[in-house]
Amino acid sequence: MRVAIYLRISTDEKRQPFSLEAQQERLASYVAAQPGWVLARSYSDRMSGKRLDRPGLQQALHDAQTGRYDLLLVFKVDRLARSTGGLAKVLEELDGAGVAFRSASEPFDTATAAGRMMMQMLGVFAEFEREMIVERTRMGLARKAARGEWTGGTPPFGYGYDRVRRLLVPDKAQAPVVSRIFDLYVHRGMGSAAISNLLNDDGQTTGRRCRWTPHSILNILRNPTYIGRLPFNGETYRAAHTGLVDPAVFQRAQAVMAERGKSWRARAANATDYVLTS
């Protein structure tokens, strides 16, 4: 019997209980121990099991359709898919191609009805485990936000991240630009398009070294991080980092955005040196 093996780890390889190499070694030994089995192909991915558009998995399914192997072997069912729907879809494609499926550590054979039922049950548990991981991660981030700690990701323009103190710290080069944006918007009456044009003309770039756009200006004006609060899941929490903007100025900016958002005439009347704005 021609056997193909499929290996998968998520992107955080350091936290994976079994590396690709460990899975490869165990599956190869498993195949060698089975009478009449021959290891024909090997596929692997470094992606989340929630997605089915993984290159290795798609190649395995394509080769199954073309009859290049007879059985697909994984170390655990959750290596193939972490959702019941995803597992069912993959098993259906393999079955349609006449290819059996087996897990080396969970001895159920999809060549039988009982084996297919057990695989579906394992898929349910894999999906439950994934949802529990997501829920625990979300709860952990909520606790961090409530403590005023940065919840991760790229710090907003104007800040860097101090890993020792676990908080945002003002960036000496970018922080003055944030203050300037609020000043131009609130005190000079300039719109987001005019401000982005002005910053681009001055050679100022965003944190990703891109040109400013009206959208990026509005993102800064709406971000409560600049008054010492952290947004998370629809709420804002008092944070330990230093704000870059006076709360009164920030609130005035929100009021101006709300006022201008109701009327295109108000947006068109924004005071600006760029005569074609709006």
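None of these values were measured; they are calculated from a predicted model.

Rules behind the numbers
- Residues numbered from 1 in each chain as written.
- Predicted model: local features only at pLDDT ≥ 70, side-chain atom pairs only at ≥ 80, totals over all residues.
- Heavy atoms only, no water.
- Salt bridge = Lys/Arg side-chain N within 4 Å of Asp/Glu carboxyl O.
- Helix = DSSP H or I, 4+ residues; strand = E, 2+ residues; numbered from the N terminus.
- Buried < 20%, exposed > 50% of the residue type's maximum accessible area, 1.4 Å probe, protein only.
- Pairing = 2+ DSSP bridges.
- Axes fitted to C-alpha atoms, helices over the stretch in contact; angles between N-to-C directions.
- Contact = heavy atoms within 4.5 Å.
- Parallel < 35°, antiparallel > 145°, perpendicular 65-115°, else oblique.
- Left-handed = near helix turned anticlockwise from the far one by under 90°.
- Nonpolar A, V, L, I, M, F, W, Y, C, P; charged D, E, K, R; others polar.
- Phe/Tyr/Trp six-rings, centres within 6.5 Å; stacked < 30°, edge-to-face > 60°.
- Lys NZ or Arg CZ within 6 Å of the ring centre and 35° of its normal.
- Core = buried A, V, L, I, M, F, W, Y, C linked by side-chain atoms within 4.5 Å.

Focus on the pattern of salt bridges
Phase 1: Under the defined criterion, the tally for this structure stands at 6 salt bridges.
Phase 2: Close ionic contact of R165 with D162 constitutes a salt bridge, the shortest N to O distance being 2.9 Å.
Phase 3: In this structure, the salt-bridge partner of D202 is R180, at a minimum N-O distance of 2.9 Å. Residue D202 is located in the loop between α7 (192-201) and α8 (214-222), and its partner R180 is located in helix α6 (residues 175-186); the two are separated by 22 residues in the primary sequence.
Phase 4: D202 sits in the partly exposed class, given a relative accessible area of 45%.
Phase 5: Residue R180 is classed as partly exposed on the basis of its relative accessible area of 34%.

Observations concerning the sheet that holds strand β3 (residues 71-74)
Phase 1: Pairing is parallel in the open sheet, where 4 strands are placed in the order β2-β1-β3-β4. The open sheet has two edge strands with one neighbour each: β2 (38-46) and β4 (100-103). Averaged over neighbouring strand pairs, the angle between their axes works out to 25° when direction is ignored.
Phase 2: Relative to β2, strand β1 (residues 2-9) runs parallel, the two being bridged by 8 bridges. Across the sheet, residue R2 finds its bridge partner in β2, namely V38.
Phase 3: Packed on one face of the sheet, helix α1 (residues 20-33) meets β1, β2, β3 and β4 and runs near 160° to β1.

Points about the packing of α6 against α7
Phase 1: For the pair α6 and α7, interaxial distance at closest approach is 10 Å and the crossing angle is 140°. Between α6 and α7, the interaxial angle falls into the category oblique. You can see that α6 and α7 cross each other, and the crossing is right-handed. Facing α6, whose interface residues are V177, R180, I181, L184 and Y185, α7 presents S192, I195, L198 and L199.
Phase 2: When its residues are assigned to classes, the contact of α6 with α7 shows 7 nonpolar, 1 polar and 1 charged.

So, the packing of aromatic side chains
Phase 1: Overall, the coordinates contain 6 aromatic pairs when judged by the stated rule.
Phase 2: With a centroid separation of 6.0 Å and an interplanar angle of 15°, the aromatic rings of Y159 and Y226 are classed as stacked. Of the two residues, Y159 sits in strand β5 (residues 159-162) while Y226 sits in the loop between α8 and β7 (229-232), which places them 67 residues apart along the sequence.
Phase 3: Residue Y159 is classed as buried on the basis of its relative accessible area, which comes to 4%.
Phase 4: The exposure class of Y226 is buried, given its relative accessible area of 1%.
Phase 5: Seen in terms of ring centroids, F182 and Y226 are 6.3 Å apart; in terms of plane orientation they differ by 70°. Their pairing is edge-to-face. With a gap of 44 residues between them, F182 in helix α6 and Y226 in the loop between α8 and β7 connect regions that are remote in the sequence. Taken individually, F182 and Y226 each receive the classification buried, so the pair is uniform in this respect.
Phase 6: Ring-pair connections join several aromatic residues into one group, and the members of that group are Y159, F182, Y226 and F250.
Phase 7: Looking at R260, its charged tip hangs above the ring of Y185, at a distance of 4.7 Å from the centre.

Structural notes on the packing of α6 against α8
Phase 1: Where α6 meets α8, the closest approach of the two axes is 10 Å, and the angle between their N-to-C directions is 95°. The orientation of α6 relative to α8 falls into the category roughly perpendicular. Listed contacts from α8 to V178, I181, F182 and Y185 of α6 are I217, I220 and L221.
Phase 2: Of the residues that constitute the contact of α6 with α8, the class distribution is 7 nonpolar, no polar and no charged.

Let's talk about the nonpolar core
Phase 1: Of all hydrophobic cores here, the largest spans 32 residues; its most connected members are I181, F182, Y226 and V245.
Phase 2: Looking at this core, the elements with two or more residues in it are α6, α7, α8 and α9 (247-262).
Phase 3: Residue contributions to this core peak at 8 residues, all from α6.
Phase 4: For I181, the contacting residues outside a window of four places in its chain are I195, L199, W212, I217, I220 and L221.
Phase 5: Core analysis: the next-biggest nonpolar cluster, separate from the first, contains 19 residues, Y69, A81, L94 and V99 among them.

Functional significance is not addressed by these values, which are geometric in nature.
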